[in-house]
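Overview (structure and organization)
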Amino acid sequence: MTQDKLTDDQFLNDQEAAVEKSLRPQTLQQYIGQDRVKNELRVYIKAALDRQEALDHVLLYGPPGLGKTTLALVIAHELNVNLRSTTGPSIEKAGDLVAILSELQAGDVLFIDEIHRLPKSIEEILYSAMEDFYIDIIVGQGSDAHAVHYPLPPFTLIGATTRAGQLSAPLRSRFGIVEHMNFYTEAELTTIIQRSAQVLAVVVSDEGAHELARRSRGTPRVANRLLKRVRDFAQVENQEQIDQKLAASSLDQLQVDDHGLDQTDRKLLTMMIELYQGGPLGLKTMAVNLGEEQETIEAVNEPYLLQQGFLKRTPRGRVVTPKAYEHLGIPFPKGE
């Protein structure tokens, strides 16, 4: 019975992964949004192909869910090379890195997500790999220990991070192409939702797509997640089309408000107002009061709240803005 359950769970996970893969664009032309980044990459990719060289190393940074992983896949596809994908935390020792690098062929792309979480020892090994395409590793122990020079084919490292400030200066300086990913406009998200709806065989009206887009926090990953959840509501309610009314009512039940704030966002702002008079408040205190990790608040919640003008940073900490008071329906203190 347990084995059957595991098999069923694995099937569902594989099915979900297949759906996620199908939602991802394959080319720069299909990739919606991030126009400045795309236009620059077109030039760099064409130049590299014309010279028959590996593309220079690329660093993509910005809040989660903006398409950094997808863009890495697109770059590899445009270069017509293989892509090897891993994460910073999964590379724990030199042997792990050697195993990954040894599988690369000339021109291939190595994608490291959460590259800011690479161990310092691994990061230092990457310096020579990125700059001169070789690594020196120590084999053996004690008196038998000796260095082995391991040449590598020219390759492209694409690093993705939500916390570019945590990258060391030596590592960051070895990326020839550094691109910042911005939040998406409602128009771009509407187009993404309409494309995803076609892939999922869901009928969404223009108004329904726009309703989803304006509550998606400027983030394609959130937009696709909300689309799939609203699709569930439509199926249960026997609705053949997701219109504005269905999208709005479904998102209200999911506690996603008109500005895309979820329960955690509103809890954060309300806590700051009720317990700390709107701030200033440090990140650690915010995390303790919410029962969340500091990294989660800083990478997931805070960027959107700052971008929307609900929070602002000051030298003393985060402060809730009058706009947030108005949105939550709480009177702004007089004399402030």
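Sequence order sets the numbering: in each chain, residues are counted from 1 along the sequence as written. With the structure being a predicted model, the display of local features is reserved for residues of pLDDT at least 70 and the display and counting of side-chain atom pairs for 80 or more, all residues being used for whole-chain, interface and lining totals. With hydrogens and water stripped out, all remaining heavy atoms of the structure feed into the side-chain values.

**Let's talk about the packing of helix α2 (residues 35–51) against helix α3 (residues 68–79)**
Filter applied, for reference: Axis lines are fitted to C-alpha atoms, over the contacting stretch for helices. Their N-to-C directions set the angle, which ranges from 0 to 180 degrees. Strands here are runs of E lasting at least two residues and helices are runs of H or I lasting at least four, both read from the DSSP assignment and numbered beginning at the N terminus. With the far helix as reference, a near helix turned anticlockwise by less than a right angle produces a left-handed crossing, and one turned clockwise produces a right-handed crossing. Any two residues whose heavy atoms approach within 4.5 Å at even a single point are treated as in contact.
α3 packs onto α2 with a crossing angle of 30 degrees between their chain directions and a minimal axis gap of 10 Å. Our pair here, α2 against α3, has a crossing hand that is right-handed. Contacts between α2 and α3 pair Val37, Leu41, Ile45 and Leu49 from the former with Leu71, Ile75, Glu78 and Leu79 from the latter.

**Looking at the pattern of salt bridges**
Selection criterion: We define a salt bridge as a side-chain nitrogen of Lys or Arg found within 4 Å of a carboxyl oxygen belonging to Asp or Glu. Working definition: with a 1.4 Å probe on protein chains only, accessible area under 20% of the residue-type maximum means buried, over 50% means exposed, and in between means partly exposed.
Applying the stated rule across the entire model yields 22 salt bridges. Of the charged contacts in the structure, one is a salt bridge between Asp265 and Arg217, with a shortest N-O distance of 2.2 Å. Separated by 48 residues along the polypeptide, Asp265 in helix α11 (residues 263–276) and Arg217 in the loop between α8 (206–214) and α9 (220–236) bring together distant segments of the chain. Neither Asp265 nor Arg217 differs from the other in exposure class; each is buried. The shortest N-O distance in the salt bridge between Arg313 and Glu302 comes to 2.5 Å. Here Glu302 lies in helix α13 (residues 294–307) and Arg313 lies in strand β8 (residues 311–314), a separation of eleven residues in the sequence. Glu302 gets classed as buried once you look at its relative accessible area, which sits at 1%. Salt bridges sharing partners connect three or more residues here, namely Glu211, Arg214, Arg215, Asp252 and Asp258.

**As for the sheet that holds strand β2 (residues 83–87)**
Put simply, the test is: Whether two strands pair comes down to DSSP finding at least two bridges between them.
Pairing is parallel in the open sheet, where five strands are placed in the order β2-β3-β6-β1-β7. Each edge of the open sheet is held by one strand with a lone partner, namely β2 and β7 (177–180). Across the sheet, the mean angle separating the axes of adjacent strands is 15 degrees when strand polarity is ignored. Summarising the sheet, strand β1 (residues 58–61) and strand β6 (residues 156–161) pair through four bridges and their orientation is parallel. Bridging from a neighbouring strand, Tyr61 pairs with Thr161 of β6. Across the face of the sheet, α3 comes into contact with β1, β2, β3 (109–113) and β6 while running at roughly 180 degrees to β3.

**A word on unusual backbone geometry**
Residues other than glycine predominantly adopt negative phi, and peptide bonds predominantly adopt the trans conformation. Residue Pro280 is bonded to the preceding Gly279 through a cis peptide linkage, with omega at 10 degrees. Considering the arrangement of structural elements, one finds Pro280 in the loop between α11 and α12 (283–290). A positive phi is found at Asn80, a non-glycine position, where the angle reads about 60 degrees. Looking at the element boundaries, Asn80 is found in the loop between α3 and β2.

**Details of the UniProt feature "binding site: Mg(2+)" (unreviewed entry) in the chain**
The line we're drawing: UniProt positions are given in the numbering used here, feature names are shortened, and annotations may be inferred rather than shown by experiment.
Following the UniProt record, the feature "binding site: Mg(2+)" (unreviewed entry) maps to Thr69 here. In this structure, Thr69 sits in helix α3. Not counting chain neighbours up to four residues away, the residues in contact with Thr69 comprise Arg24, Phe111 and Asp113.

**Focus on the UniProt feature "binding site: ATP" (unreviewed entry) in the chain**
The residues that UniProt annotates with the feature "binding site: ATP" (unreviewed entry) are Leu23, Arg24, Gly65, Lys68, Thr69, Thr70, Glu131, Asp132, Phe133, Arg174, Tyr184 and Arg221. Tracing the backbone through its elements, the reader meets Lys68 in helix α3. Along the chain, the position of Asp132 falls in helix α5 (residues 120–132).

**Notes on the nonpolar core**
Let me state the cut-off plainly: Here, nonpolar core means buried Ala, Val, Leu, Ile, Met, Phe, Trp, Tyr and Cys residues that are tied together by side-chain atoms lying within 4.5 Å of each other.
Counting 44 residues, the largest nonpolar core has Leu55, Leu71, Ile75, Ile158, Leu212, Leu227 and Ile242 as its most contacted members. With residues up to four places along the chain from it excluded, the contact list for Ile242 reads Val202, Val203, Val204, Ser205, Gly208, Leu227, Val230, Arg231, Ala234 and Ala247. Counting residues in hydrophobic clusters, the runner-up holds 25 residues, among them Leu59, Leu97, Ile122 and Ile125.

**Quick look at α9**
This is how it is decided: Between the first and last residue of a helix there are one fewer steps than residues, each counted as 1.5 Å, and that sum is the expected span.
Across its 17 residues, α9 extends 25 Å between first and last C-alpha, which sits within 8% of the 24 Å expected from 1.5 Å per residue. The complete set of buried residues in α9 reads Pro220, Val222, Ala223, Asn224, Leu226, Leu227, Lys228, Val230 and Ala234.

**As for the side chain of Ser196**
For clarity, the threshold we go by: Pairs of N or O atoms within 3.5 Å make up the polar contacts considered here, provided that, within protein, one atom can donate a hydrogen while the other can accept it, and that residues adjacent in sequence are counted only when both atoms are side-chain atoms.
In this fold, Ser196 is placed in helix α7 (residues 186–199). A distance of 2.6 Å separates the side chain of Ser196 from the side chain of Asn224, its partner in a polar contact.

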